[in-house]
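# Structural description and commentary
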Amino acid sequence: MTNLTLENISPKYFTPRNIEQSEIWNKNISFLKGKKFLIVAPSGSGKSTLATAILGAHFQYEGNIKYDQQTVKNLHLEEIVKNRKDGVSLLFQDVRLIKNLTISENILLRVFNKDRKQFIPKMKEYALRLGIENLLNKKAENCSYGERQRSAIVRSLINPTDFLIYDECFSHLDMNNKQIAFSLINEVSEESGSSVIFFELNEFPFAHDYQILHL
């Protein structure tokens, strides 16, 4: 997938705050593969509604979302699921790790039917960068929320999609870990040619070159 397009999108069942001032709602926006975006989305702006709509998790919106030239509403469920393997992925705000699996088992679910052994060195490298290398054999339910967030970030990067979407993925990280995770996401996305779209309540408190859009 090289282009993710929003055509006059607005939520169907509620009106977000400041929708008239939004740079995204009711606008035509194209996210090109390889480009980086920070969507600043205060509470009540419909942030998670938009993020999950882009993933194809629901169709509770007016307008159209397109993967290249394909309208998501017109795709069969199997096609939407297939796009989640290579096209678009979302790190949900609640991270959604499987509690009774270990961190490494959760991370390696993202490689699907590929040979898991080839991803283990990369997993260990990313885990070391994020300071969770000693958690790989620990069950997710026994990890703190911040540890699970860092684990979910590794999972998102182990087999990256064309569009990597993050919904408040740093909310339980301190400033140092936030910057380390941000740098890792940048490095991996540049290597893979992926686009990154962050949804955050506020702008990042550190330097970056992302295009900022206000929801």
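The rules behind these values
Residues numbered from 1 in each chain as written. Predicted model: local features only at pLDDT ≥ 70, side-chain atom pairs only at ≥ 80, totals over all residues. Heavy atoms only, no water. UniProt positions renumbered as here; feature names shortened; annotations may be inferred. Pairing = 2+ DSSP bridges. Helix = DSSP H or I, 4+ residues; strand = E, 2+ residues; numbered from the N terminus. Contact = heavy atoms within 4.5 Å. Axes fitted to C-alpha atoms, helices over the stretch in contact; angles between N-to-C directions. Salt bridge = Lys/Arg side-chain N within 4 Å of Asp/Glu carboxyl O. Buried < 20%, exposed > 50% of the residue type's maximum accessible area, 1.4 Å probe, protein only. Expected span 1.5 Å × (residues − 1). Phe/Tyr/Trp six-rings, centres within 6.5 Å; stacked < 30°, edge-to-face > 60°. Lys NZ or Arg CZ within 6 Å of the ring centre and 35° of its normal. Core = buried A, V, L, I, M, F, W, Y, C linked by side-chain atoms within 4.5 Å. Polar contact = N/O pair within 3.5 Å; in protein donor to acceptor, adjacent residues only side chain to side chain. 1 Å grid on protein atoms, 1.4 Å probe; cavity = no way out; pocket = protein on both sides within 12 Å on 5 of 7 lines; lining within 4 Å. Points joined across faces, edges and corners; volume = space filled by probe spheres on them. Nonpolar A, V, L, I, M, F, W, Y, C, P; charged D, E, K, R; others polar.

Identification of the chain as ATP-binding cassette domain-containing protein from Chryseobacterium luquanense is taken from an unreviewed UniProt entry. UniProt lists a comment for the chain under the heading Sequence similarities (unreviewed entry), and it reads "Belongs to the ABC transporter superfamily."

## Considering the sheet that holds strand β5 (residues 70-71)
In any sheet, the strands associate via hydrogen bonds between backbone groups, in a parallel or an antiparallel arrangement. Strand order in the open sheet formed by 4 strands is β2-β1-β4-β5, and the pairing between neighbours is antiparallel. Every interior strand has two partners, whereas the edge strands, β2 (28-32) and β5, have only one. Packing against the sheet, helix α1 (residues 47-55) makes contact with β1 (3-11) and β4 (61-67), and its axis sits at approximately 45° to β4.

## A short note on the sheet that holds strand β3 (residues 36-40)
Strand order in the open sheet made by the 5 strands is β6-β7-β8-β3-β9, with parallel pairing throughout. Of all strands in the sheet, those bounded by a partner on one side alone are β6 (88-91) and β9 (211-214). Geometrically, the sheet is characterised by an average inter-axis angle of 20° between neighbouring strands, direction not taken into account. Contacting β3, β7 (163-167) and β8 (195-200), helix α6 (residues 175-192) crosses the sheet at an angle of about 155° to β8.

## Focus: the pattern of salt bridges
What the rule picks out here adds up to 7 salt bridges. One salt bridge connects Glu 168 with Lys 47, and the closest N-O pair in it is separated by 2.9 Å. A residue pair is termed long-range when its members are at least 10 positions apart, and Glu 168 in the loop between β7 and α6 and Lys 47 in helix α1 qualify at 121 residues. Per residue, the accessibility class of Glu 168 equals that of Lys 47, and both read buried.

## A short note on the UniProt feature "domain: ABC transporter" (unreviewed entry) in the chain
Here the UniProt-annotated "domain: ABC transporter" (unreviewed entry) positions come out as residues 4-215. Secondary structure over residues 4-215 splits into 32% helix and 22% strand, and the C-alpha atoms at its two ends are 17 Å apart.

## Here's the deal with the pairing of β6
Both faces of β6 are covered, namely the face carrying Val 88 and Leu 90 and the face carrying Ser 89 and Leu 91. The pairing of β6 with β7 spans 4 bridges and is classified as parallel. When the sheet's bridge partners are listed, Ser 89 is paired in β7 with Leu 164.

## A closer look at α6
Relative to the 26 Å expected for 18 residues at 1.5 Å per residue, α6 spans 26 Å between its end C-alpha atoms, a close match to the ideal helical length. Every buried residue belonging to α6 is among Asn 177, Lys 178, Ala 181, Phe 182, Leu 184, Ile 185, Asn 186, Val 188 and Ser 189, and all of these are buried. The first or second residue beyond α6 is Gly 193, which carries a positive phi of 80°.

## Quick word on the packing of aromatic side chains
For the coordinates displayed, the defined rule picks out 11 aromatic pairs. Seen from their ring centres, Phe 204 and Phe 206 are 5.2 Å apart, and the 10° between their planes marks the pair as stacked. A relative accessible area of 12% places Phe 206 in the buried class. One cation-aromatic arrangement involves Lys 85 over Phe 112; the distance from NZ or CZ to the ring centre is 5.4 Å. Sitting over the face of the ring of Phe 92, Arg 96 holds its NZ or CZ atom 3.7 Å from the ring centroid.

## Considering the nonpolar core
Counting 39 residues, the largest nonpolar core has Ile 103, Ile 153, Leu 157, Tyr 166, Phe 170, Ile 185 and Phe 198 as its most contacted members. Put simply, the parts of the chain that give this core at least two residues each are β3, α3 (103-108), α4 (120-129), α5 (145-158), β7, α6 and β8. Discounting residues that sit within four places of it in the chain, Ile 153 has contacts with Leu 91, Leu 130, Cys 169, Phe 170, Leu 173, Ala 181 and Ile 185.

## Thoughts on the side chain of Lys 66
Structurally, Lys 66 can be placed in strand β4. One polar contact links Lys 66 to Glu 7, side chain to side chain, over a distance of 3.4 Å. Apart from the residues lying within four places of it in its own chain, the contact partners of Lys 66 are Asn 3, Leu 4, Thr 5, Glu 7, Thr 71 and Val 72.

## Looking at the layout of surface pockets
Counted as a void, the largest pocket has a volume near 470 Å³. Along the walls of the largest pocket sit 20 residues, with Leu 90, Phe 92, Arg 110, Phe 112 and Arg 155 positioned nearest its centre. Listing elements by their share of the lining of the largest pocket, those giving two or more residues are α2 (77-86), β6, α5 and β7. Its residues assigned to classes, the lining of the largest pocket comprises 12 nonpolar, 3 polar and 5 charged.

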